[in-house]
Every structure is written in structure tokens, then in C-alpha cells.
Amino acid sequence: MFGGQISKSFIRAIAVSLVLSGALMVSTPPANAYVVVKRFHQSAAPNREESDITVIRCRNGLSYYIYSYYRTSGPRYRVIIPPHWGKPVGGHDYHYFERAIRAACS
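Since the model is a prediction, treat every value here as computed from it, not as a measurement.

Caption draft 1: Summary view of the side chain of Ser68. With respect to the helices and strands, Ser68 occurs in strand β3 (residues 63–69). Within polar-contact distance, the side chain of Ser68 engages the side chain of Arg76 at 3.2 Å. Not counting chain neighbours up to four residues away, the residues in contact with Ser68 comprise Glu50, Ser51, Asp52, Arg76 and Tyr77.

Caption draft 2: The nonpolar core, seen in detail. Counting twelve residues, the largest nonpolar core is built from Ile56, Cys58, Tyr64, Ile66, Tyr77, Val79, Val89, Tyr94, Ala100, Ile101, Ala104 and Cys105. If you list the elements that add at least two residues to this core, you get β2 (51–58), β3, β4 (77–80) and α2 (97–105). For this core, the element with the most residues is α2, which contributes four residues. Of all hydrophobic cores here, the second largest spans six residues; its members include Val55, Tyr65, Tyr67 and Tyr69.

Caption draft 3: Broad picture of the pattern of salt bridges. A complete count under the given rule lists three salt bridges for this structure. Note that Arg71 and Asp93 form a salt bridge whose closest N and O atoms lie 3.0 Å from each other. In this pair, Arg71 sits in the loop between β3 and β4 while Asp93 sits in the loop between β4 and α2, placing the two residues 22 residues apart along the sequence. Overall, Asp93 belongs to the buried group, its relative accessible area being 14%. Note that Arg78 is salt-bridged to Asp93, the shortest N-O span being 2.6 Å.

Reading guide: rules and limits
- All residue numbers refer to positions counted from 1 along the written sequence of the respective chain.
- Given that this is a predicted model, residues contribute local features only at a pLDDT of at least 70 and side-chain atom pairs are listed and counted only at 80 or more, while totals for whole chains, interfaces and linings are drawn from all residues.
- For the side-chain quantities, the full set of heavy atoms in the structure was used; hydrogens and water were omitted.
- Runs of E in the DSSP output that reach at least two residues are strands. Runs of H or I that reach at least four are helices, and both are numbered from the N terminus.
- Pairs of N or O atoms are called polar contacts if they sit within 3.5 Å, as long as, within protein, a hydrogen donor faces a hydrogen acceptor (for residues adjacent in sequence, only side-chain-to-side-chain pairs).
- Throughout, a contact is declared for two residues whenever any of their heavy atoms are within 4.5 Å.
- As used here, the term nonpolar core means buried Ala, Val, Leu, Ile, Met, Phe, Trp, Tyr and Cys residues forming a set that is joined through side-chain atoms within 4.5 Å.
- To sort residues, take the accessible area from a 1.4 Å probe on protein chains only and compare it with the maximum for the residue type: under 20% means buried, over 50% means exposed, and anything in between is partly exposed.
- What counts as a salt bridge is simple: a side-chain nitrogen of Lys or Arg found within 4 Å of a carboxyl oxygen of Asp or Glu.

If you want it as C-alpha cells, here you go:
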């Protein structure tokens, strides 16, 4: 850094450290990307985990269920398009609600 210029490698190092520290974890979906239709609780059963379910409708008109599991570790959010209960959108669960929303409404 000479004469007030910042090197590209310095900027890259700062960006990487912010991402790793969690300061740049998630970008929030636009406020008008979806609306919450309803929320409800699903109790645990022999074939399912306990969760809170948020039903959303995206700008494209499609409805999705976002399951928020009561897990102590790992990803907690799963996006489902009814009636495809066994196939999460994106093929996996998400660590953050905002990423689940983006997976549904992108």
C-alpha cells in the first residue's frame, strides 16, 4: 500500500476474513420477494423431526414450505414444494432462513 493505493491482494484478504468471520454471511432477500402465507408447528413423530413451518408465496406465484428444524447442529432450514415432500429445493438443507428464501424465490 503505497501512495494511498490498496492492493488487490489486501482487498481479497479482507473479504476472505469477513466471510470466514461471518460478517458477510448472508445477503437479505428483497422485501417484496415473498409474502408469508401462514406459520404452524409440526410435532416430532417416528418418521419426522419437530419443526416450525413457514408457508411463503414468491413473486412468481409459487408457494413453498420452509421447515425450521429443532436441530442443535447442521443446517436447520429445508425448502419444499408441495406435494414433493421428500425432495428439498436445491437438493439440501440451508443454514440460514434467508438462503432458504433465496433458493425458493430465485
